[in-house]
Amino acid sequence: MSSESSKFTGLVGWVDNRLPVFSYVHKEYGEYPTPRNFNYWWNFGALAMFCLTVMIVSGIFLAMQYQPNTQMAFESIQRIMRDVNYGWLMRYIHMNGASFFFIAVYIHIFRGLYYGSYKSPRELLWMLGVVILLLMMATSFFGYVLPWGQMSFWGATVITNLFSAIPIVGDPIVTWLWGGFAIDNPTLNRFYALHYLLPFVIVGVVGLHVVALHVTGSNNPTGIEPKSSQDTVPFHPYYTLKDSFGLSVFVIIYALIVFYAPESLGEAENYVPANSLQTPAEIVPEWYLLPYYAILRSVPDLLIIDAKLAGIIAMFVSILVLFVLPWLDTSKVRSARYRPTYKKFFWVFVVVCFVLGWVGAHPPNEKVFGLEWLEVIDVGRITTFYYFFHFFVLFPLLGKFEKTKPVPNSITESVLGASATEKV
Amino acid sequence: MQVLTKYVFAAALSLVVSSGTAWAAGEAHEPEPQDWSFNGFFGAFDKAQLQRGFQIYSQVCSGCHSLKFVAYRHLEGLGYNEAEIKAIAAETQVEGGPDDSGDMFMRPGVPADFITGPYDNENQARAFNGGALPPDLSLITKARHGGPDYIYALLTGYESAPESFELATGMNYNSFFLGSQIAMFSPLADGVVEYADGTPANVEQLAADVTAFLTWAGEPRLEDRKRIGFKVVIFLLILSGLLYAAKRRVWSTLH
Ligand code: HEM
C-alpha cells in the first residue's frame, strides 16, 4: 500500500496519502449516502453538534477571566459582564447556549423515540447518545455552580446531599465529593476542573456516536432501510444545505434570546451572591433538569426504602431505562407512522414530560389551579407513574398487541406517494 | 399531524416558560409592568433620567446601600465626561495607602474606585438598620423577580398596614415585598431631592428615575446588546433566506 492511491492531487493528495483526513471527510460528509426523505426533525443532531462547539468556544473565553474561588467567583462574573470586551456577549452565549443545547438534544431524543431509531441495528448508537445526555447533565450542573450565586450554592447542596441517602457509605461519600465538611472552596475548584474536562469527554463520545452512525447509516421517517441507490442522496450538497438552513433558523431564535431576553431562562435568585446561612424560598434547578427533579420529589416511601433513596433511584432509572429501551420495545415496526397506537401514546408521553417539568418548578404542596383536593405532588406522582408505565409496560406490550399499518416497500415509493402518505 | 405537533410544542413550551415565574408570586402582590424607555427591541436608556436617578442614589440610597460593582469610571454610561466623573469621584473620601511609613490615610476618590457604600462590614450595616441588611444595589433589578417593575412597585408601594395586619416593630407595610413587611422605611417622598433640570420630584417620578438608574447599574451593556442583536438578527434572516433558496434549488433536481 505504498502507492499514491488518493483521489486528491497536489498538496492535499500528498497529505491524504499519509493521513487520509480528506478522504475521510469526503466519504463521511460528502458521499455518505443519506435517505432522501429526512424531515426537519433530522436537523437536530447537527444542531446539537453546533451547540457543543459554541459552548466550548465561549467557555474557553470565559475561563480566561473567571476566578474559581468562593471569594472572587461572583465578582469575576460581574467583571466579565461589565469590563471585559464583549464579556457580556460570551457569557450570555454560554449561559443560554446550555439551554439551546438541551432543547436540541431533547428534540433529537424524542425524534429517535418517535421513529424508532434506537432499534436494531442502532442500539449502540442510541446508548452512546444516552451517555452524552448524562455527561451533559453533569457538565451543566457543574457549570451552574460556577457563578456562585444563591441557586448555584443551594442547587449544589441539594444535589450533592442526595448521595447521603446511600446506606452506610452515604455520608463519607458526600464529604469526599465536597472535599471537606461543607460546600466550600475545594468544592468549587473541583467542580470547575470537571466542568472544563467533561465537554471534551462529550466531544469524544460524540465522535463514537458519529462513527456508529456511519456504520449503520441513518434511520429515516419511514423506519425502513434504504434498498437501492434511488433511496439515498449524497450528504453533500443535499443535507449540508438543508442542515445549514435549519441551523440558521435555530440560531435566529437563539440570538433573539441572547440579545433580547438573556435572563428569561435563568433564575433571578442567582444574582444574589451565595450565602450558606440563608436558604432561598424555593430551590429550583435549571429548566432542563426539572422533570428529573420532579421524579426525585414525587416518589413516596417504598416498602423498606425511604422516600429520599427511592426518589434518587427513580430519578436515575428514569434515564438509565433509555439504555435498555431497544430491548423493551418488542415491535417489529420502527416508525410511529405505521404504529397508530404507539403514536398516540408517544404524544401522551411528551405531554407527561412537560407536566413533570412543570411539577419540578413548583413546591410539592402548592394547590393546582387553586383546587383544594389537588396538590402539585399528586400530579407529580401520577405523571411519574406514567413515565415508568410507558417504558416498562407499554413498550413491551404494544409490540405484541398493536395492529400496525402496512409499511411501504421502499423509501422512494413512500416519497413519490407523498401526497397520499401522512407526513410527520 | 404537523399542525398538531406545532401546537403541542407551543403549548408545552409556554407551560415550561411560565412555570419558572409562577411560584415567585408567593404571597406578595404582582407588580404592574411599566413602560420603560429601555424596553423592547429598540429600547435605550434615557441619559437625563439616569443622571437624575444617580442623583437620588447619591443623595438618598447611598446612605445605606452600596453599589459595589459600579465604579465611578462606569458613569461614562450616564453621559458624563471625564472631568465630570473626576469631580464626582473626588467628592467622596476613600481609604488609601499604606504610605511610606505604613499608615493608611483618607484620600479623595478617583474614577477607578468602586461605589462601596457607608458600612465597613455586614455586622455594622445590620447594627445601623435594626438587624436588617440593606442589600448591595448593583444587581438588584436582576436579582428580583419582576426586575425594574418590582423595584418601582416596591418604592411606590408603601401604605399604612390594614387593621388585621400585625406589623412588627421597626417594620413598614408594603404589599409588594414578600411577607408584606420590610425593614426599610419609605426612602422616597415628594421633593426629597431637587432636580436641576426642573423635572417635578414627586414620588412616582423619583421611583422611576432611580429604578432606571439601577437597571443601568445592573446591565450597563444593555444598549450595546440590543444594537448588536439587531444587526445579528437581520444578517441571519437574510442568510436564512439565501440558504432556503439554495436548498430549494438543489433539491428541485431530485423530484
Ligand atoms: C457541554 C458543554 C457545556 C455546558 C452544557 C456548559 C454549561 C454551563 C452552565 C449552565 C453554566 C452556568 C451559566 C450561568 O448561569 O452563568 C456554565 C458556566 C461556565 N462555563 Fe460552561 N458549559 C459547557 C462547556 C464549557 C467549557 C468547554 C468551558 C471552558 C473551557 C466552560 C467554562 C465555563 C465557565 C468559566 C463558566 C462560569 C461563567 C458563567 O457562569 O457565566 N464551559 N457552563
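Reading guide: rules and limits
- Residues numbered from 1 in each chain as written.
- Chains lettered and ligands numbered in written order.
- Predicted model: local features only at pLDDT ≥ 70, side-chain atom pairs only at ≥ 80, totals over all residues.
- Heavy atoms only, no water.
- Helix = DSSP H or I, 4+ residues; strand = E, 2+ residues; numbered from the N terminus.
- Buried < 20%, exposed > 50% of the residue type's maximum accessible area, 1.4 Å probe, protein only.
- Contact = heavy atoms within 4.5 Å.
- 1 Å grid on protein atoms, 1.4 Å probe; cavity = no way out; pocket = protein on both sides within 12 Å on 5 of 7 lines; lining within 4 Å.
- Points joined across faces, edges and corners; volume = space filled by probe spheres on them.
- pLDDT = per-residue confidence, 0-100.
- Near = heavy atom within 4 Å.
- Polar contact = N/O pair within 3.5 Å; in protein donor to acceptor, adjacent residues only side chain to side chain.
- Nonpolar A, V, L, I, M, F, W, Y, C, P; charged D, E, K, R; others polar.

Now for the environment of V251(A). Relative to the elements of secondary structure, V251(A) occurs in helix α10 (residues 235–260). On the basis of relative accessible area, V251(A) is assigned to the buried category, the value being 17%. The spatial distance from the C-alpha of V251(A) to the C-alpha of L47(A) is 9.2 Å, given a sequence separation of 204 residues. Once residues within four sequence positions are removed from consideration, V251(A) is found in contact with F50(A) and L236(B).

Attention now goes to empty space enclosed by the protein. Residues and elements named next belong to chain A. For the structure on display, the rule yields 4 cavities of 30 Å³ or more. Roughly 150 Å³ of internal volume is contained in the largest cavity. Sorting the residues of the lining of the largest cavity by element identifies α6 (123–145) and α7 (150–161) as the ones contributing at least two each. If one sorts the elements of the lining of the largest cavity by residue count, α7 sits on top with 6 residues.

On to the confidence of the model for chain A, then. Caution is warranted with low-pLDDT regions, since their predicted coordinates should not be read in detail. Averaged over all residues, the pLDDT of chain A equals 94, while 97% of them reach at least 70. Taken as a whole, residues 418–424 of chain A scores under 50 in pLDDT and shows 13 contacts with residues more than four places along the chain or in a different chain.

Turning to the site of the ligand, a few remarks are in order. Residue and element names in this part refer to chain A. The full set close to the ligand counts 26 residues, and R91, H94, G143, H195 and Y196 are the nearest of them. A distance of 2.8 Å separates a nitrogen atom of the ligand from a polar side-chain atom of H94. Residue H195 places a side-chain N or O atom 2.7 Å away from a nitrogen atom belonging to the ligand. Taken together, the elements giving at least two residues each to the shell around the ligand come down to α3 (44–63), α5 (87–115), α6 and α9 (185–216). Take the shell around the ligand: its biggest share by element is 7 residues, from α3. Here the residues of the shell around the ligand are counted per class, giving 19 nonpolar, 6 polar and 1 charged.

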